[in-house]
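Topology and contacts: notes
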Amino acid sequence: DRVIPFHGEHQAGILTPRQAAAAFVAFDLTVSTPAEAADLMRALTGRVRFLTTGGTPPNLGISAPPSDSGLLGPDVPAGGLTATVGVGSTFFDVLGIPRQRPAKLRPMDTFANDDLDPVRCGGDLVLQLCADSRDVVLHALRDLARHTRGAMQVRWRIDGFDSPSRPAGASRNLLGFKDGIVNPAASESDKLIWVQSGAGEPAWATGGSYHVLRVIRMLVEFWDRVTISEQERMIGRRRDSGAPLSGSRETDVPDYTDDPKGSAVPLDAHIRLANPRTHATDASRMLRRGYNYDLGTDVDGNLDMGLVFNAFQQDLDRQFVAVQKRLDDEPLVDYISPVGGGYFFSLPGVRDRSDWYARALL
Ligand code: HEM
């Protein structure tokens, strides 16, 4: 059994390497005071502490509902589970504490090529549940929904899966390209991922991170009819090896100063627009932790699948928004369609047994 430590300065599930299965679940509060929200956070903390550690739930006897769904048998494994809790901008409105809102937090912006369905956007609170298998994720979701009933209810949800590395290296997204090759090093977290004290943010937010979720559908029927070389020019990397078009291995780092006209990596390739690798754009890098999703077929019989774009950063505008604006008219937009998502603030970590989510806020 794999146990990922729950307590810490920061929440697990951010720097944690992607587990195999995930659920992203947005909730709306059904309570309206900070005191009630504190009860909710204490309940969530207790259950997540148990679920991520594993153990044997008590048997409450035949005349009471079971303390646990039993989905994983009598002994609950930790199963590599992480639960990462975030709050949306509306959390602060509902509770009447707008001055405590993180400085950049707001409802998700609508970008040039978005086709957002309001039913799949926003939420007062978000849970990112990730584990080594899908049943562990579902067990955690059922448990947390049950123990927080009366304080919040599900608004929307998207489940994700990670593909194994084939043949090696990063796993692939559903366009067939390796995804998650380039990410900040762990040593850069304090300058790119975690909110630092001061910096115009409320004191309670230190150690948290802005969390961007975007449900991006892929128009795979169209994509699969595009030649490989055109696909590769849109991404800027080889499909088989993941190498940048200027290199030969997945880990090769492109150097665009060598290629000012884009003869190796086109100027409008996804990786070049997303990270031009200039001094000025260095601080816009973010941590991406995306998952593939599959929702079957739509009413017209088209395959409904795509990417749960999932990114963590210190500053929403300096990072995600700046990068998204650079990508607004990239050639890839003809093959993808953002349909949902939200901006959230991932809470600072729960430090020890006496601490709970958002204690410094509530
Ligand atoms: C890199 C695909 C959406 C930001 C990549 C790579 C692929 C890819 C294949 C290269 C491998 C890697 O370094 O991970 C996609 C697809 C998307 C999508 C299929 C939509 C369905 C986005 C969005 C953003 C973004 C919405 C941010 C606004 C980045 C960044 C990199 C990257 C920052 C790393 C570039 C580098 O440092 O070289 N993406 N991406 N991507 N993508 Fe995306």
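Here, every reference points to the structure presented above.
Below: a short report on this structure. Here the structure is a predicted model, which means the values were calculated and not measured. (Residues numbered from 1 in each chain as written. Predicted model: local features only at pLDDT ≥ 70, side-chain atom pairs only at ≥ 80, totals over all residues. Heavy atoms only, no water.)

Here's the deal with the site of the ligand
Cut-off, in case you're wondering: The rule for a residue being near a molecule or strand is that one of its heavy atoms must lie within 4 Å of it. Polar contacts, as used here, are pairs of N or O atoms within 3.5 Å; protein pairs need one atom able to donate a hydrogen and one able to accept it. Residues neighboring in sequence count only if both atoms are side-chain atoms. Numbering of helices and strands runs from the N terminus, with a helix taken as a DSSP run of H or I at least four residues long and a strand as a DSSP run of E at least two residues long.
Taken together, 25 residues surround the ligand, and among them Gly180, Ile181, His270, Asn275 and Arg288 come closest. Between the ligand and His270 there is a distance of 2.9 Å, counted from a nitrogen atom to a side-chain nitrogen or oxygen. At a separation of 2.9 Å, an oxygen atom of the ligand approaches a polar side-chain atom of Asn275. Residue contributions to the shell around the ligand peak at 4 residues, all from helix α8 (residues 317–327).

A word on unusual backbone geometry
Backbone torsion omega between Arg166 and Pro167 reads 0°, so that peptide bond is classified as cis. Looking at where Pro167 falls in the secondary structure, it is placed in the loop between β4 (152–161) and α4 (189–192). Non-glycine residue Ala199 carries a positive phi angle of around 50°. Examined against the element boundaries, Ala199 turns out to sit in the loop between α4 and β5 (209–218).

Overview of the pattern of salt bridges
As a reminder of what qualifies: For this document, the term salt bridge refers to a Lys or Arg side-chain nitrogen within 4 Å of an Asp or Glu carboxyl oxygen. Between buried and exposed lies partly exposed: a residue is buried under 20% and exposed over 50% of the maximum accessible area for its type, with that area taken using a 1.4 Å probe on protein chains only.
Tallying each qualifying case throughout the model produces 23 salt bridges. A salt bridge links Arg155 to Asp28, with the shortest nitrogen-to-oxygen separation between them at 3.0 Å. In this pair, Arg155 sits in strand β4 while Asp28 sits in strand β1 (residues 21–29), placing the two residues 127 residues apart along the sequence. Residue class for Arg155 comes out partly exposed when judged on its relative accessible area of 37%. Asp304 is the partner of Arg217 in a salt bridge, and the nearest nitrogen-oxygen pair spans 3.5 Å. Here Arg217 is found in strand β5, whereas its partner Asp304 is found in strand β8 (residues 303–313), with 87 residues between them in sequence. Neither Arg217 nor Asp304 differs from the other in exposure class; each is buried. The network of salt bridges with shared partners includes Glu188, Lys191, Asp282 and Arg285.

Some points on helix α3 (residues 134–147)
Structurally, the α-helix is built with 3.6 residues per turn, so residues lying three or four positions apart point the same way. The condition is simple: The span one expects for a helix is its residue count, reduced by one, times 1.5 Å. In what follows, residue pairs with any heavy atoms lying within 4.5 Å of each other are defined as contacts.
Over its 14 residues, α3 runs 20 Å from end to end, which matches the ideal 20 Å to within 8%, given 1.5 Å per residue. Taken as a whole, α3 has its buried residues at Val136, Val137, His139, Ala140, Leu141, Asp143 and Leu144. Packing partners of the buried residues in α3 comprise β1, α1 (34–53), β3 (125–131) and β4.

So, the coordination of the iron atom of the ligand
Tetrahedral metal sites with four donors have an ideal angle of 109.5 degrees; octahedral sites with six donors have ideal angles of 90 or 180 degrees. Basically, it comes down to this: Counted as donors are N, O and S atoms no farther than 2.8 Å from the metal, or 3.2 Å for Na, K and Ca; water is not among the atoms, and sites may therefore look incomplete.
With respect to protein ligation, the iron atom of the ligand binds only His270 (NE2), at 2.0 Å. Structurally, the position occupied by His270 is in helix α7 (residues 270–274).

Overview of the nonpolar core
Nonpolar side chains in soluble globular proteins tend to be buried together. For clarity, the cut-off: Buried Ala, Val, Leu, Ile, Met, Phe, Trp, Tyr and Cys residues that are joined via side-chain atoms within 4.5 Å together make up what is termed a nonpolar core.
Within the largest apolar cluster, 76 residues are counted, with the highest numbers of intra-cluster contacts made by Met41, Phe91, Tyr343 and Tyr357. A per-element tally of this core places α1 first, with 7 residues. When sequence neighbours within four positions are dropped, the list of residues in contact with Phe91 reads Leu29, Ala37, Met41, Asp124, Leu361 and Leu362.

Topic: α1
The terminal C-alpha atoms of α1 lie 28 Å apart, and with 20 residues this matches the ideal 28 Å at 1.5 Å per residue to within 8%. Looking only at α1, the buried set comprises Ala37, Ala38, Leu40, Met41, Leu44, Thr45, Arg47, Val48, Arg49, Leu51 and Thr52. For α1, the elements touching its buried residues are β1, β2 (82–87), α2 (89–94), β3, α3 and β4. Looking one or two places after α1, you find Gly54, whose phi comes out positive at around 85°.

A look at the packing of α1 against α3
So the rule is basically this: Comment: axis = line fitted to C-alpha atoms, over the contacting stretch for helices; angle = value between 0 and 180 degrees taken between N-to-C directions. Convention used here: angles under 35 degrees read as roughly parallel, angles over 145 as roughly antiparallel, angles from 65 to 115 as roughly perpendicular, and any remaining angle as oblique. Two helices cross in a left-handed way if the nearer one is turned anticlockwise from the farther one by less than a right angle. They cross in a right-handed way if the turn is clockwise. In this classification, Asp, Glu, Lys and Arg are treated as charged, Ala, Val, Leu, Ile, Met, Phe, Trp, Tyr, Cys and Pro as nonpolar, and every other residue, Gly included, as polar.
Where α1 contacts α3, the axes come no closer than 10 Å and their chain directions differ by 155°. With respect to α3, the element α1 is oriented roughly antiparallel. Crossing hand, α1 versus α3: right-handed. Where α1 abuts α3, its residues Ala43, Leu44, Arg47, Val48 and Leu51 lie against His139, Ala140, Asp143, Leu144 and His147. Of the residues contributing to the contact of α1 with α3, the split by class is 6 nonpolar, 2 polar and 2 charged.

Some words on the environment of Asp282
Assignment of secondary structure puts Asp282 in the loop between α7 and β6 (287–288). Assessed through its relative accessible area of 35%, Asp282 is described here as partly exposed. Each C-alpha atom of the pair Asp282 and Asp268 lies 18 Å from the other, and the pair is 14 residues apart in sequence.

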